[in-house]
Amino acid sequence: MAYRFQVNHQTCINCGICMDLCPVRCLDMTRPSGEGELGLPEELLSPIPGVYATRSWMMLAPVQVSQCIGCQVCAQECPTNAITIESSVQELVFARSGPVSYLPPENGWQPLDAYTRAFPEEPGEQPWGEGHDWHVAERQATWQSWRTWLGERKEDLRAPCQAACPVGTNAGLYVSLIAEGRYDEAFKVASEPNPFPAICGRVCTAPCEDECRRGEFDLPIAIRDLKRFASDHATQKARKITPPKRWLAERVAIVGAGPTGLSAAYYLARRGYRVNVLDAMPVAGGMMSIGIPDYRLPREELNRDIESMRELGVEIRLNTAIGRDVEFEELEREYDAVLLAVGAQRSQRLGVPGEDSHGVIPATNFLKDFNLNPETRLEGNVAVVGGGSTAMDAARSALRAGARSVHILYRRSRVEMPAQAEEVRAAIVEGIELHELVAPVQILSSEGKVKGVRCQRMALSEPDEKGRRKPVPVLGTEFDIPIDIVLVAIGEAPDPSFLPEGTSVGVAPWGGLLINPQTLATGAPGVFAAGDVTYGPKSIIHAAAHGRLAARSIHAYLSHISLREITELPEDEYQTVSTLPTGGHITLDLRPTPREVMPLREGVAASRDRSTEFALGYTEEQAQREASRCLRCDLAYLCPSIKVIGADHIVTEKVSI
């Protein structure tokens, strides 16, 4: 797989910006050198206005002469949107290179795209020379003019991994620091915009990896696993959070100590607000604590991030339920603002006959019991219905709770499971049986107790407009599996029953709270809502991002300032930016390189251990090898000189970034 440069000859104006900006110098627009007569002045006029029109050394359009890394700098900065980068190309064909040593007899501007003097080892000249300071900037819409000159841009163009991260973590930078053995600095960078760096290093859904451009060559960088490595190997385990310069008089109550509530509390405290977080559970963390088992997220790592918030000044009151221990109206009276971040914990029903039988249990209920009570036991054969992270956690926990066997029933294929591939792999390694393209159609029971599950084979239809294939039943393919307990993990929904009658907080038909999408304000004055309770179940990192937005909105509300005038991060929240290495040169190895596989514990005992982490983590050698696969897109936007080592190159020494 590779990238291919494409240019629209109808709109290209031959300006040469793409060639000048290309960090890997894979483009060429230079004319052949040699003897020949130039055309008349009017024949030399180029499509470029101004003093550069008399130059006769550029082609009509750029051509690709070597390997492209897909950084999109050229497409981003093309003033006429003439450039596209085609991904997942099986075979690349470069422009014809050769010693063409004459000017065309017609003189003037000619379409010399067929020939180039440039080679991958000897790139073409820079049309604009070394005298210009380029800065690649974000262009929000294709119609906007490019902004590249120094001083004109207000923000940098982010690497795909950083842009995909809901909180904007500079993954390229901390990955490169790991490659250099600078683990403390790597963990600091990973922690800067993220209130849960230790947690996300283990259980983040890693949307950054979905956008990683390395995946076009082989497999994406294991960004999440490298974050865990940085967290595990940093000499300073506890985060040092900068306290606010001054504490404000206003007080904020947050209902829910899950990732959304804690994220909002973190950012409000950083802005100087006294925050009190209330949660009905005996532990803080929400579903991070009661939904994710210890063997996947050790409580020591979970508490690292939560204790940092307590040290910042966030107060967390546990075993405090709204309507039981404190009235909602009381919060509205005693606090200047209230944030509802109660999550989505009500399990969805299967909608099949027999699901009211004894032994059909919501997976979230089982996980809460399993994580809070070490004595929780399951006996017999267990079936888990679903293919997400909750289903994987329930299946693996059922095994540790004593189940004789565990079966996962999923109506699509393994490739389409929303659970992380590493979770599915770990479940199969532990001996859990995965039934793909299977859906339950009836819960079989005897005397009100579960005795089995009747299943039906499924087939996937053609992809719809969103690219997803719908599972459809295959008639006549029913079969039974003897089962004693069914754990239902097909999704969760919010439960707004804690709200008092007559409240102005609106509730949508599906159970979520109604909010202003910009301010996150509910219908009740001073009451805001964020996270899963407003949009349904999502990941921890999405919850953290929404909590940050809620903190910003509450700050605007309490400060009587327009939301547009307030930055998402506190003014003194520092984020380290990527800088070019000494000399401004980096080397990228694009030869196919295997992604490092997370080592797992072995043996039956490991798959029955409730508290020992099953994933071992990378060794230093593994981490540095994996980090060295990074294409450094964060630096490509600074337009350095990047040397590319492709599959057709022979390298005698190890390349280090």
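Here we summarise the structure given alongside this text. Quantities reported herein were computed from a predicted structural model and do not represent experimental measurements. (Residues numbered from 1 in each chain as written. Predicted model: local features only at pLDDT ≥ 70, side-chain atom pairs only at ≥ 80, totals over all residues. Heavy atoms only, no water.)

### Side note on the overall build of the chain
Here is the rule we go by: A run of DSSP states H or I qualifies as a helix once it reaches four residues; a run of E qualifies as a strand once it reaches two. Both are numbered from the N-terminal end. Type-normalised accessible area, obtained with a 1.4 Å probe on protein chains alone, sets the label of each residue: buried when under 20%, exposed when over 50%, and partly exposed for intermediate values. Only the protein chains shown count as cover for residues, with accessible areas throughout obtained via the Shrake-Rupley method and a probe of 1.4 Å.
On a plain count of helices and strands, the chain comes out with 20 helices and 22 strands. The 657 residues of the chain split such that 54% are buried. Of the accessible surface of the chain, which amounts to about 29800 Å², a share of 50% is contributed by carbon and sulfur atoms.

### Observations concerning helix α5 (residues 183–191)
For the α-helix, the turn length of 3.6 residues means that residues three or four positions removed from each other point alike. Applied cut-off: For this analysis, residues touch if any pair of their heavy atoms sits within 4.5 Å.
For α5, every residue scored as buried is listed here: Tyr183, Ala186, Phe187, Val189, Ala190 and Ser191. Elements in contact with the buried residues of α5: α4 (171–179), α6 (197–203), α8 (223–233), α11 (299–312) and α19 (620–627).

### Things to note about the sheet that holds strand β12 (residues 405–409)
Put simply, the test is: Pairing between two strands requires that DSSP report at least two bridges joining them. Fitted lines through C-alpha atoms give the axes, limited to the stretch in contact for helices. The angle between two N-to-C directions lies from 0 to 180 degrees.
The sheet built from five strands is open, its strands ordered β10-β18-β11-β12-β13 with parallel pairing. A strand with exactly one partner marks an edge of an open sheet, and here the two such strands are β10 (360–362) and β13 (433–435). Between one strand axis and the next, the sheet turns by 25° as a mean value, whatever way the strands run. Against the sheet, helix α14 (residues 389–400) touches β11 (381–385), β12 and β18 (485–488), its axis set at about 170° to β12.

### Structural notes on the sheet that holds strand β7 (residues 315–317)
An order of β7-β6-β5-β8-β20 is seen for the five strands of this open sheet, with the pairing classed as parallel. A strand with exactly one partner marks an edge of an open sheet, and here the two such strands are β7 and β20 (527–529). In this sheet, adjacent strand axes meet at a mean angle of 20° when their direction is disregarded. The sheet contact formed by strand β8 (residues 337–340) and β20 spans three bridges and is parallel. In the strand pairing of β20, Val338 is matched with Val527. In this fold helix α17 (residues 540–559) packs onto β5 (251–255), β8 and β20, with an angle of close to 160° to the strand it touches most, β8.

### Regarding the pairing of strand β16 (residues 469–473)
Pairing analysis gives four bridges linking strand β15 (residues 449–463) to β16, with the strands arranged antiparallel. Bridged to Met458 within β16 is Pro473. With antiparallel pairing between neighbouring strands as the criterion, β15 and β16 make up a hairpin whose turn holds five residues, including Gly467 at a positive phi of roughly 85°.

### Observations concerning unusual backbone geometry
At Asn81, a residue that is not glycine, the phi angle is positive and equals roughly 55°. Relative to the helices and strands, Asn81 resides in the loop between α2 (73–77) and β4 (83–89). The backbone of Asn319 sits at a positive phi, close to 50°, despite the residue not being glycine. With respect to the secondary-structure elements, Asn319 resides in the loop between β7 and α12 (328–334).

### Quick look at the packing of aromatic side chains
Threshold: Here the aromatic set is Phe, Tyr and Trp, taking the six-membered ring for Trp, and pairing holds for ring centres within 6.5 Å; pairs whose planes are under 30 degrees apart are stacked, those over 60 apart are edge-to-face, and all others are tilted. By definition here, charges over rings are those cases where NZ of Lys or CZ of Arg is within 6 Å of the ring centre and within 35 degrees of the ring normal.
All chains considered together, the criterion is met by five aromatic pairs. With a centroid separation of 5.6 Å and an interplanar angle of 65°, the aromatic rings of Tyr3 and Phe217 are classed as edge-to-face. With Tyr3 in strand β1 (residues 2–7) and Phe217 in the loop between α7 (207–211) and α8, this pair connects stretches of sequence that are 214 residues apart. The same class applies to Tyr3 and to Phe217, which are both buried. Both rings, one in Tyr266 and one in Tyr267, keep their centres 4.7 Å apart while their planes meet at 85°; by these two values the pair is edge-to-face. Here Tyr267 falls in the buried class, since its relative accessible area comes to 1%. Directly above the ring of Phe614 sits Arg400, whose terminal nitrogen or CZ lies 5.7 Å from the centroid. Lys538 extends its terminal NZ or CZ atom over the ring of Tyr535, reaching a point 4.8 Å from the ring centre.

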